[in-house]
Amino acid sequence: MNPTILRQIRARWRTAAAVLAAGTAPAILSAVHTPSAVAVPAAPLVAVQAPAAPPVRTITLRPKAPALARAPLDRAVDAVRAEVRRGAFPGAALAAGRGATTSLIQGVGTTTWKGGTVDPERTVYDLASLTKVVATTTAAMLLYEDGRLDLEAPVSRYLPAFSGGAKDRVTIRDLLSHTSGLPAGAGVRGRTVDEKLASLIRTPLRRAPESAVEYSDVGFVTLFAALEQAAGEPVPRMLERRVYGPLGMASTRYAPGTDCERCAPSWLTDDGTPVRGKVHDPTARALGGVAGNAGLFSTVADLSRFAAMLAGGGELEGVRVLKPETIDTFARRQAGAGTRALGWETPNADGTGAAGTSMSPRAFGHTGFTGTSLWVDPEHGTWAVLLANRTYDAHASNRIQKLRRTVHAYVTESAEEAPVSALAE
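Residues numbered from 1 in each chain as written. Predicted model: local features only at pLDDT ≥ 70, side-chain atom pairs only at ≥ 80, totals over all residues. Heavy atoms only, no water.

S.K.: Just checking my understanding: could you explain the overall build of the protein chain for this structure?
M.R.: Scanning the protein chain for helices and strands turns up 12 helices and 12 strands. Taking the contacts inside the protein chain whose residues are at least 6 apart along the sequence as the reference set, 70% of them involve residues at least 24 apart. When the accessible surface of the protein chain is totalled, it reaches about 16,500 Å², and 52% of it is carbon and sulfur. (Helix = DSSP H or I, 4+ residues; strand = E, 2+ residues; numbered from the N terminus. Contact = heavy atoms within 4.5 Å. Areas by Shrake-Rupley, 256 points an atom, 1.4 Å probe, with all protein chains shown as cover.)

S.K.: What is the right way to read the pairing of strand β1 (residues 91-98) from this model?
M.R.: The side chains of a regular strand alternate between both faces of the sheet. In terms of burial, β1 is a largely internal element, 8 of the 8 residues being buried. Pairing between β1 and strand β2 (residues 101-109): 8 bridges, direction antiparallel. Residue pairing in the sheet places A92 in a bridge with V108 of β2. Counting the residues between successive antiparallel strands, the hairpin from β1 to β2 contains 2 residues, one of them, G99, with a positive phi of roughly 60°. (Buried < 20%, exposed > 50% of the residue type's maximum accessible area, 1.4 Å probe, protein only. Pairing = 2+ DSSP bridges.)

S.K.: How do you make sense of the sheet that holds strand β7 (residues 296-298) when you look at a structure like this?
M.R.: The pairing of strands in a sheet comes from backbone hydrogen bonds and takes either a parallel or an antiparallel form. Here we have 3 strands laid out as an open sheet, ordered β3-β7-β4, and antiparallel in their pairing. Looking at which strands have only one partner, the edges of the open sheet turn out to be β3 (125-126) and β4 (253-254). Pairing between β3 and β7: 2 bridges, direction antiparallel. Residue D126 lies in a different strand from β7, and its bridge partner there is F297.

S.K.: What am I meant to see in the packing of helix α3 (residues 131-146) against helix α7 (residues 217-231) here?
M.R.: For any two helices packed against each other, one specifies the inter-axial angle together with the distance between the axes. Interhelical geometry of α3 versus α7 gives an angle of 40° and a closest axis separation of 10 Å. In terms of their interaxial angle, α3 and α7 are classed as oblique. Between α3 and α7 lies a crossing of left-handed hand. Contacts between α3 and α7 involve K132, T136, T137, A139, A140 and L143 from the first element and D217, F220, L223, F224, L227, A230 and A231 from the second. Tallied by class, the residues present in the contact of α3 with α7 amount to 9 nonpolar, 2 polar and 2 charged. (Axes fitted to C-alpha atoms, helices over the stretch in contact; angles between N-to-C directions. Parallel < 35°, antiparallel > 145°, perpendicular 65-115°, else oblique. Left-handed = near helix turned anticlockwise from the far one by under 90°. Nonpolar A, V, L, I, M, F, W, Y, C, P; charged D, E, K, R; others polar.)

S.K.: Could you clarify how one ought to interpret the environment of T111 in this entry?
M.R.: Within the fold, T111 resides in the loop between β2 and β3. Judged by its relative accessible area of 8%, T111 falls in the buried class. Counting along the chain gives 153 residues from T111 to A264, while the straight-line C-alpha distance between them is 4.9 Å. Apart from the residues within four sequence positions on either side, T111 is in contact with P90, G116, V118, T123, A264, P265, R276 and N389.

S.K.: What's the story with the sheet that holds strand β10 (residues 364-368) in this structure? I'm lost.
M.R.: Strand order in this open sheet of 5 strands is β2-β1-β12-β11-β10, and the pairing throughout is antiparallel. A single partner strand is all that each edge strand has here, and the edge strands are β2 and β10. Here the strands of the sheet are splayed against their neighbours by 5° on average, with no regard to which way each runs.

S.K.: Looking at this structure, how should I read the nonpolar core?
M.R.: When a protein is soluble and globular, its nonpolar side chains tend to lie buried together. L310, W344 and L374 are the most contacted members of the largest nonpolar core, which totals 84 residues. With 10 residues, α7 is the largest single contributor of residues to this core. Contact partners of L310, with chain neighbours within four places excluded, come to L322, I327, W344, F364, L374 and V376. With 22 residues, the next largest nonpolar core counts L73, V77, A79 and F89 among its residues. (Core = buried A, V, L, I, M, F, W, Y, C linked by side-chain atoms within 4.5 Å.)

S.K.: Looking at this structure, how should I read the pattern of salt bridges?
M.R.: On inspection of all chains with the given rule, the structure shows 15 salt bridges. With a shortest N-O distance of 2.6 Å, K132 and D217 are connected by a salt bridge. On the criterion of sequence distance, the pair formed by K132 in helix α3 and D217 in helix α7 is long-range, its members being 85 residues apart. Taking relative accessible area as the criterion, K132 reaches 0% and is therefore assigned buried. (Salt bridge = Lys/Arg side-chain N within 4 Å of Asp/Glu carboxyl O.)

S.K.: Looking at this structure, I do not really get the packing of aromatic side chains. What am I missing?
M.R.: How two aromatic rings sit relative to each other is given by the distance of their centres and the angle of their planes. In this structure the tally under the stated criterion is 3 aromatic pairs. Between Y144 and F330 the ring centres are 5.5 Å apart and the planes differ by 75°, which places this aromatic pair in the edge-to-face class. A residue pair is termed long-range when its members are at least 10 positions apart, and Y144 in helix α3 and F330 in helix α11 (residues 324-331) qualify at 186 residues. Taking relative accessible area as the criterion, Y144 reaches 31% and is therefore assigned partly exposed. Looking at F330, the relative accessible area reads 0%, which means it is buried. On the basis of an interplanar angle of 80° and a centroid distance of 5.0 Å, the ring pair of W344 and F364 is categorised as edge-to-face. (Phe/Tyr/Trp six-rings, centres within 6.5 Å; stacked < 30°, edge-to-face > 60°.)

Okay, structure coming up:
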């Protein structure tokens, strides 16, 4: 463990809390517009005035989660390093902790086979479907708290273009739990981003709402558009103002661009040129890189702060982002939705998913196709983030799910071996 990096992260948390308390607005990294093809009246039917910034609760002394035991975490790093040596991906970044205490943050390997060393503070990864929770679901959680999003309301209340026939029965909850009846994907039609988004929103249902679970990118593209109408502003702007800025997540943004030297490439062109800063997912790419299913980029240092906030019941270093009860509501497995919660995934009983068998049934998280994952286990208070560019070499064998389970097992083991109590400085 590099103690200098840990001190830098904790200092950034304290600085972020001070900035928020002073009322200083963070810079907006990116923004999107709502296409005219799917526009709805400016005033949402359930709108209430959103606060300019989330409330802050300053704490001078509080219980501090004990650090995780070191030896199992070393073995987790060794497991990642073994995959790099095997040629599964050029490099990765790993972070783990309990509550607000970060016990591991480390880069392994390089950004390309001949690239620079992975820096956990600076190397930016394409999060792929982690976007669904770090961006889209988080936006839904904020709007739910504000009273501007009704989980039981039909999607058409916020997005009239999504209506007609059985679509009128699809609710916001259905989109979040992947039980809307929409297919996993759909062809994107149109020349402009507006036209392409409108074509996705017009995608017919494959089956009746709530009749089956089908993981749907189309559903989260639709949800993102509905959330923008409920928010009255671009989702990326709201997240920067209320989540990323207050938490000091300075490297988290959509569409960093192909000139992003800090970005680990997600794939190679036909002539072998690495592609940096451009989303790997074709649907999000067709929408200009800003979408509800994919498109967000970040570092493991940034996501360690996000995960620690969730593990802390929605608060980190005195900055309140979400209420504990909101996290509980969204992380709870939904009836008739298999292992799906609201936006989040929960552990498979047979241990075949990313969580494995070591995490408790209360754990929640998500994965991304490019080789990313973020999981939180409220029972142990632990969290783990793994970022890799698994898709860089399309011919490499894929064992990322097994690696995730291995990492999570070691994080749980380290929690069981650690001291049970400590006090904050």
